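Chain by chain, the residues:
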Amino acid sequence: MILAALPVMAALALTQAAPAQPPRPGDPYRAAPATIVAEPVALLFAGFDRDGDGRTTLAEMRAGLRATASGAEWATGVGYLAFADWAARYLGDRNGVPTPFEVDRNGDNRITLAELEDRVEALFTRYDLDRDGALTRTELLTIRTTPTGERRRRDRDGDQPAMPPRR
Ligand SMILES: [Ca+2]
Ligand SMILES: [Ca+2]
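Note that the structure is predicted; figures quoted are calculated from it, not measured. (Residues numbered from 1 in each chain as written. Chains lettered and ligands numbered in written order. Predicted model: local features only at pLDDT ≥ 70, side-chain atom pairs only at ≥ 80, totals over all residues.)

Draft legend 1. Region of the structure containing the overall build of the protein. Scanning the protein from N- to C-terminus turns up nine helices and four strands. Within the span of the protein, comprising 167 residues, buried residues form 20% of the whole. (Helix = DSSP H or I, 4+ residues; strand = E, 2+ residues; numbered from the N terminus. Buried ≥ 20, exposed ≤ 12 C-beta atoms within 10 Å, placed from the backbone.)

Draft legend 2. Highlighting the nonpolar core. Phe45, Leu116, Phe124 and Tyr127 are the most contacted members of the largest nonpolar core, which has 22 residues in total. Here Phe45 is in contact with Thr56, Met61, Phe124, Tyr127, Leu135 and Leu140, once residues within four sequence places are set aside. (Core = buried A, V, L, I, M, F, W, Y, C linked by C-beta atoms within 7 Å. Contact = placed C-beta atoms within 7 Å.)

Draft legend 3. Main features of the environment of Ala63. Tracing the chain through its elements places Ala63 in helix H3 (residues 58-68). In this structure, the C-alpha to C-alpha distance between Ala63 and Phe48, residues 15 residues apart in sequence, is 8.0 Å.

Draft legend 4. Spatial organisation of helix H5 (residues 80-90). Within H5 the residues assigned to the buried category are Phe83, Trp86 and Ala87. Seen from one end, H5 has its buried residues packed into an arc of 100°, which puts them on one side. Exposed residues on H5 whose side chains face more than 90 degrees from its buried face are Leu81 and Arg89. In this structure, the buried side of H5 is in contact with H3 and helix H6 (100-103). (Arc of directions from axis to C-beta.)

Draft legend 5. Examining helix H7 (residues 113-127) more closely. Taking 1.5 Å as the rise per residue, H7 with 15 residues should run 21 Å; its terminal C-alpha atoms sit 21 Å apart, in good agreement. If you check which residues of H7 are buried, you get Glu115, Leu116, Arg119, Val120, Phe124 and Tyr127. At its buried positions, H7 is contacted by helix H2 (40-47), H3, H6, strand S3 (134-136) and helix H8 (137-140). (Expected span 1.5 Å × (residues − 1).)

Draft legend 6. Molecular detail of unusual backbone geometry. Across the junction of Val97 and Pro98, the peptide omega takes the value 10°, indicating a cis bond. Summarising the element assignment, Pro98 is placed in the loop between H5 and H6. Residues other than glycine seldom take positive phi values, yet Asn109 does so here, at roughly 65°. For Asn109, the location among the structural elements is in the loop between H6 and H7. Taking the C-beta count within 10 Å as the criterion, Asn109 has 11 such neighbours and is therefore assigned exposed. Its identity is not glycine, yet Arg131 carries a phi of approximately 55°, on the positive side. Inspection of the secondary structure puts Arg131 in the loop between H7 and S3.

As structure tokens, then:
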């Protein structure tokens, strides 16, 4: 037991001995800017792969999504602030896509589970390139022609926020 833990402890000691340094410009070990990325909703879909086979089926997605919005308040609808809490937890950002404006189909400022399911299922269909009713990791990745660092700079300058891939 103690012997088995030694490599882990050694690795931890090494990690602590060498604090991470931010990459310097021109650093040969600096990571290349990302051109293959996963949008927040793609991460959500990947997390719904309950049987762990690397594919998220429509049934897995529906079950997973319902589990994220299972409270009684979702039946009658939650407000935009509560929806932002949901987005922060499950998309990683309060302003992630889908936004409350696109989910609130009837514009009553409440978001019901049914509205959330409609919008997220439309996104699922958009990602499902081969239309087989399941999302592979390949389908969930987005290939960008500009590195994400470039995109962030443009976003700050007032461009539209990132959207799911259009294919
Ligand atoms: Ca609504
Ligand atoms: Ca597919």
